[in-house]
Amino acid sequence: MQTKYEALPQSVQNAGTEIKNYNEAVSDQAASLVAEATTKAYVTALSKDPTTVSTTVNEADSIAKNATEKIIATSDTTSDGSVTATLFGKTYTDTNGDGQITYEDDVIPIVISDLKADLSSITDGNLTSVKGSYPEIVVLFNYLKQVADTSLPYETTDGTVGRVESGEANNGSNVLSQYGSKMASSFSSNYASELLSTIDGTKAQLEATLKNIYGETGNTFDEASFNQTFDDTLKQVAIQIYTDQTDAIISMAENLKSSFDNADAADDSLWQTNTLYVAPTKLAQQLQDAIDTAKQNADTGLAALKTMPASDDFLSLAYSTGDAADGLDTNATINGIWTGLYDTIDWFGTTVSPLMKNLVSISDPNSIKDKDGNVTFSADFVAQHAVVFDAATALANTVTQLVVKSGEITNDLQGVLTDLLTVSGDFAVTQPEKTQLFTTITDEPEAPSVVKSADLVYRDDTDQLTTPTASTTAQDDQTGSAFLTVTSGSGDQPTTDKTSAPAAADNRDAPTHDAAAATLAAKAR
């Protein structure tokens, strides 16, 4: 392989050197792009409807200041003894030194301060730097959901979990219905649209880079080949994103249904009430119907995507715009499937919220209601109706999870950008690496590490969820890279057969680009 490489025109070898240097810096470029893209997406979404965000911020601020029952977040103690909690990717510290992280003392005040500062800057037209972020929008929404629609868990003196309904529950419910839910859904949608634009923009970035390299080294850039091969790669990446996102969305709904099924199976008297507009016992079947529709749409959508021609807007088609002519209706896009489940699940709050505030809150003869309106339930009552408390918490968590998922596009944005910005295939005319034919094993074999899901996970019953930040795990995975064709300045084209394996004698020095391509293709299947 070294001999074959040295036989290439010098201009091609020069291009290979520059491409090698570029590829080595791609992961850093992608990480920087993630930071820029998420900030831009946040500012754009905030600017779309600042009034709704501002009203929600002010109302949540009032609720947090008046709340006397506080929501405790799952926290960690660092090596220096400080206490922190990470919520949706942002870390908060123990600001008042009480050894714990509560929403009211340590989280919401920071969120309110950051969002108010950014809203003020937008109004003044002087937003040169931001303090807030999308995770803070999610935290704000999640806080209101916990206050309004659940009975807050706390640890009793004997170590068991107790429940208390916040005296601010009605206020929280009113804020959600008028402002909070609208803020969350519209903000996440606008945020995602900006991230999608960033991914779409990688084609122009990579094309400009290659044109520059080829111009500097005296080579001719084959634009037609570039367009086709990049679009093919984007199609593979989009299909993988479609599969991952729709699977995750449907899984969230299925987990919620399990909580509803548990409540149904328990024959709980509160869950079986028929005094509400929709009986709680009907929710499981309604959710199952929505899940069945989502699964059918996902199957139809995936089949359509696999047969659709590659294009530079393929991810946009898969995400929201669809292509009815090729069998991809908008209800079978990622956003269409999300909308179908989100609208159904969010609507369940019209049953569960009054169940908790109007029925559960008055059904325990041994409960204690303090001067601030907080209702603390007795241990026996909590144990007897545990499935109801769990179902309400699961609903609040699932709605929050769906909001997070709506704004993601992909749970590995940095990995996707790295794949799409990496030069590979026929354009990666870099010098082959020399391999060591025989290696000596000096270390003891190690067991493989456990691979954890990148999706949101519950941290505790207070609805602490985590969301992935810019991924560093996929920086070396170049399986999504474009396969490109290079022509030398003389017009001679090297072989561009991407299906033929290297000769057996050359296996030890064979480039890894084709193997990487096969890996991504296998993922897409």
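Starting afresh in each chain, residues are numbered from 1 along the sequence in its written order. The predicted nature of this model means local features are confined to residues of pLDDT at least 70 and side-chain atom pairs, given and counted, to a pLDDT of 80 or more, with totals for whole chains, interfaces and linings taken over all residues. No hydrogens and no water enter the side-chain calculation; it runs on all heavy atoms of the structure.

1. Points about the sheet that holds strand S2 (residues 76–77)
Between any two strands, at least two bridges found by DSSP are needed for them to pair. Strands here are runs of E lasting at least two residues and helices are runs of H or I lasting at least four, both read from the DSSP assignment and numbered beginning at the N terminus. Strands sit in the order S2-S3-S4 across an open sheet of 3 strands; the sheet is antiparallel. In this open sheet, the two strands that pair with only one neighbour each are S2 and strand S4 (90–93). Where S2 and strand S3 (residues 83–87) come together, 2 bridges link them in antiparallel fashion. Note on S3: the bridge partner recorded for Thr 77 is Val 83.

2. Concerning empty space enclosed by the protein
As defined here, a cavity is a set of points on a 1 Å grid over the protein atoms alone where a 1.4 Å probe fits but cannot get out. A pocket is an open set with protein on both sides within 12 Å along at least five of seven lines, and residues line them when an atom is within 4 Å of a point. Grid points are joined across faces, edges and corners, and a volume is the space filled by probe spheres set on the points. Enumeration according to the criterion identifies 2 cavities of 30 Å³ or more in this entry. Reported here for the largest cavity is a volume of approximately 50 Å³. Every residue lining the largest cavity is listed: Gln 245, Ile 249, Tyr 319, Ile 334, Asn 335, Trp 338, Lys 405 and Ser 406. Residue assignment for the lining of the largest cavity shows that the elements contributing at least two residues are helix H9 (223–265), helix H12 (334–347) and helix H15 (386–406). Element by element, the count of residues in the lining of the largest cavity is highest for H12, at 3 residues. Three classes are used, and their members are as follows: Ala, Val, Leu, Ile, Met, Phe, Trp, Tyr, Cys and Pro are nonpolar, Asp, Glu, Lys and Arg are charged, and the others, Gly among them, are polar. When grouped by side-chain class, the residues that make up the lining of the largest cavity number 4 nonpolar, 3 polar and 1 charged.

3. Some details on the packing of helix H7 (residues 169–200) against helix H16 (residues 413–421)
In this analysis an axis means a line fitted to C-alpha atoms, helices contributing only their contacting stretch, and an angle means the value between N-to-C directions, from 0 to 180 degrees. The geometry of H7 relative to H16 is characterised by a closest axis approach of 10 Å and an angle of 25° between their N-to-C directions. Judged by the angle between their axes, H7 and H16 are roughly parallel. Together, Leu 195, Thr 198 and Ile 199 of H7 and Leu 413, Val 416, Leu 417 and Leu 420 of H16 make up the contact between the two elements. Considered class by class, the residues forming the contact of H7 with H16 number 6 nonpolar, 1 polar and no charged. Roughly parallel covers angles under 35 degrees, roughly antiparallel covers those over 145, roughly perpendicular covers 65 to 115, and oblique covers all other angles. Note on definitions: a residue-residue contact is assigned when non-hydrogen atoms from the two residues lie within 4.5 Å.

4. Comments concerning the pattern of salt bridges
Salt-bridge detection follows one rule: a side-chain nitrogen of Lys or Arg within 4 Å of a carboxyl oxygen of Asp or Glu. Summed over the entire model, instances satisfying the criterion amount to 16 salt bridges. Two residues, Glu 24 and Lys 20, come together in a salt bridge whose shortest N-O distance is 2.6 Å. Of the two residues, Glu 24 and Lys 20 are both situated in helix H2 (residues 10–24); the distance of 4 residues between them amounts to about one turn of the helix. Buried, partly exposed and exposed residues are distinguished by accessible area as a fraction of the type maximum, computed with a 1.4 Å probe on protein chains only: under 20%, between the cut-offs, and over 50%, respectively. Glu 24 sits in the exposed class, given a relative accessible area of 52%. Between Glu 207 and Lys 211 there is a salt bridge; the shortest N-O distance is 3.2 Å. Of the two residues, Glu 207 and Lys 211 both sit in helix H8 (residues 202–216), 4 residues apart, roughly one turn of that helix. One continuous salt-bridge network, built from bridges that share partners, spans Asp 61, Lys 65 and Lys 116.

5. Quick word on helix H5 (residues 103–124)
Its 22 residues place the ends of H5 29 Å apart at the C-alpha level, agreeing with the 32 Å of an ideal helix rising 1.5 Å per residue. For H5, the full list of buried residues reads Tyr 103, Glu 104, Asp 106, Val 107, Ile 108, Val 111, Ile 112, Asp 114, Leu 115, Asp 118, Leu 119 and Ser 121. In the stretch just after H5, Gly 125 is the one whose phi turns positive, near 70°. A helix's residues, less one, multiplied by 1.5 Å, set its expected span.

6. Structural notes on the environment of Thr 123
By secondary structure assignment, the location of Thr 123 is in helix H5. By relative accessible area, which is 66% here, Thr 123 ends up exposed. For Thr 123 and Pro 50, which are 73 residues apart along the polypeptide, the C-alpha to C-alpha distance reads 8.6 Å.

7. Comments concerning H16
In terms of burial, H16 is a largely internal element, 9 of the 9 residues being buried. Those residues of H16 that fall on the buried side of the exposure criterion are Leu 413, Gln 414, Gly 415, Val 416, Leu 417, Thr 418, Asp 419, Leu 420 and Leu 421.

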